[in-house]
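Coordinate analysis (summary)
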Amino acid sequence: MKALIVSDTHGSKKELQRVLERHREEVHTVIHCGDSELLRDDEILSGIHIVEGNVDTPGQFPTEVSVEVEGITIYAAHGHLLNVKSDIKPIAKEAEKNGASLVCSGHSHIAAAEVYQNRLFVNPGSLLMPRTRMEKTYAVVEFPAPAEANVRFYEEHSGKEVEELSGHFFL
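Residues numbered from 1 in each chain as written. Predicted model: local features only at pLDDT ≥ 70, side-chain atom pairs only at ≥ 80, totals over all residues. Heavy atoms only, no water.

**Section: the sheet that holds strand E3 (residues 49-50)**
- Ordered in space as E3-E2-E1-E9-E10-E11, the six strands form an open sheet in which the pairing is mixed. Edge positions in the sheet fall to E3 and strand E11 (167-170), since each of these pairs with one other strand and no more.
- Judged from the four bridges that link them, strand E1 (residues 2-6) and strand E9 (residues 137-145) form a sheet pairing that is antiparallel. By the bridge assignment, Ala-3 is partnered in E9 with Val-141.
- Its contacts with the sheet place helix H1 (residues 13-23) against E1, strand E2 (29-32), E9 and strand E10 (148-155), and it is angled at close to 170° to E1. (Pairing = 2+ DSSP bridges. Helix = DSSP H or I, 4+ residues; strand = E, 2+ residues; numbered from the N terminus. Contact = heavy atoms within 4.5 Å. Axes fitted to C-alpha atoms, helices over the stretch in contact; angles between N-to-C directions.)

**Looking at the pairing of E1**
- Counting buried positions along E1 yields five of five residues, so the element is predominantly enclosed.
- Here E1 shows no split at all, with Lys-2, Leu-4 and Val-6 on one side and Ala-3 and Ile-5 on the other all buried.
- Of the strand pairs in this sheet, E1 and E2 are connected by four bridges, and their pairing is parallel. Counterpart to Ala-3 in the pairing with E2 is Thr-29.
- Between the parallel pair E1 and E2, the chain is carried across by H1, and the sense of this crossover is right-handed. (Buried < 20%, exposed > 50% of the residue type's maximum accessible area, 1.4 Å probe, protein only. Right-handed = clockwise from strand over helix to strand, strands pointing away.)

**Structural notes on the packing of aromatic side chains**
- What the rule picks out here adds up to two aromatic pairs.
- Centroid distance Tyr-116 to Phe-121: 6.1 Å. Interplanar angle 70°. Geometry classified as edge-to-face.
- For Tyr-116, a relative accessible area of 22% translates into the label partly exposed.
- When the centroid spacing of 5.5 Å and the interplanar angle of 25° are considered together, the rings of Tyr-138 and Tyr-154 count as stacked. Placement of Tyr-138 in strand E9 and of Tyr-154 in strand E10 is noted, with a sequence separation of 16 residues between them. Accessibility classification places Tyr-138 together with Tyr-154 in one group, the buried group. (Phe/Tyr/Trp six-rings, centres within 6.5 Å; stacked < 30°, edge-to-face > 60°.)

**Points about H1**
- Along H1, the positions that sit buried rather than exposed are Glu-15, Leu-16, Val-19, Leu-20 and His-23. Projection of H1 onto a plane perpendicular to its axis shows the buried side chains occupying an angular sector of 130°, all on one side. Opposite the packed face of H1, turned more than 90 degrees from it, sit the exposed residues Lys-14 and Glu-21.
- Looking at the buried positions of H1, the neighbouring elements they touch are E1, E2, E9 and E10. (Arc of directions from axis to C-beta.)

**Digging into the side chain of Thr-29**
- Residue placement: Thr-29 occurs in strand E2.
- For Thr-29, the contacting residues outside a window of four places in its chain are Lys-2, Ala-3, Leu-4, His-49, Val-69 and Ile-74.

See below:
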């Protein structure tokens, strides 16, 4: 299973389009972790699993999504309602309820990946306004086996891998 994870595009379609064109053919699914600031019927969002962020128009998207892709359950929420900036436990609890192996969130605009309670948590950063790093980032997550994952972070404009963020994880 291979997933493209993006977040916090804040109304900019140009960056999102560039990333989709670069990776859409090689992935099984695309997850947008919120703050798209787009409308539900925007053509660019076709086929994307997307959640509502704190600056999205209320009611445009669900606040959380749980989807099974190629045998891997993915749980996504923007994270503002689950306090992701300061505590992983609330989103971990929701992920457990949904039986997720991959947990995706945004909100902080900080690219990161970690394993907690045998689940992989990925925040792809922001395609428009990164924090703590200069690079505008997104992530591609691949599960070569059910209990291991490769997470690769990429810089939005060049498509170059941000190697110091990327890694191989065991769940």
